[in-house]
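Topology and contacts: notes
Residues per chain, in single letters:
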Amino acid sequence: MDGSKINGKTVTEELLLEKGYRKYTGEDLDIYYSKDICEHIGNCVRGNPDVFEVGRRPWIITDNGSVEEDIRVIDTCPSGALKYIRKGDN
Ligand code: SF4
C-alpha cells in the first residue's frame, strides 16, 4: 500500500493526526502509525528491525533507516497503518 496516500490522496500531517496516527519524527522523513488500523502482520518488523521493533520505546525510530529504506518498508504495510511524509513535500 502506498504509504504517502489515503484513498489516492497525498496525506497531510493534519489528516493523519485527526485520524489518530502517532508521529515518529525523523530528520528528513516523519513516519505515522495507527495502532487501530494495524493488523499485526509484521511486515514492518521483518522489513527493517532497526527501525521497527515491537517492545522498544519508541517502537519506531525513523532515522535508523534511510529515507528510501523507510519508504520501501512502509509501502509493504498491507493495512495502511503506516504512512509517511517526506520533509519539504507539504
Ligand atoms: S506492516 Fe503494517 S499492519 Fe503489519 S505490523 Fe507493521 S504496521 Fe502493522
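What this report covers is the structure whose coordinates are included nearby. Values in this document were obtained by computation on a predicted structure and should not be read as measured data. (Residues numbered from 1 in each chain as written. Predicted model: local features only at pLDDT ≥ 70, side-chain atom pairs only at ≥ 80, totals over all residues. Heavy atoms only, no water.)

1. Describing the site of the ligand
Taken together, Tyr33, Cys38, Glu39, His40, Ile41, Gly42, Asn43, Cys44, Cys77, Ser79, Ala81 and Leu82 form the complete shell of residues around the ligand. Across the shell around the ligand, the residue classes break down as seven nonpolar, four polar and one charged. (Near = heavy atom within 4 Å. Nonpolar A, V, L, I, M, F, W, Y, C, P; charged D, E, K, R; others polar.)

2. Re unusual backbone geometry
A cis amide bond links Arg57 with the next residue in sequence, Pro58, at an omega value of -10 degrees. Considering the arrangement of structural elements, one finds Pro58 in the loop between helix H2 (43-47) and helix H3 (67-74). The residue Asn7 is not glycine, and still its phi comes out positive at about 50 degrees. Within the fold, Asn7 resides in the loop between strand S1 (5-6) and strand S2 (9-10). The exposed category is assigned to Asn7, whose relative accessible area is 79%. Backbone geometry places His40, a non-glycine residue, at a positive phi of 55 degrees. Inspection of the secondary structure assignment puts His40 in the loop between strand S4 (29-33) and H2. Judged by relative accessible area, His40 falls into the exposed class, the value being 65%. (Helix = DSSP H or I, 4+ residues; strand = E, 2+ residues; numbered from the N terminus. Buried < 20%, exposed > 50% of the residue type's maximum accessible area, 1.4 Å probe, protein only.)

Function cannot be read off these values alone, since they describe shape.
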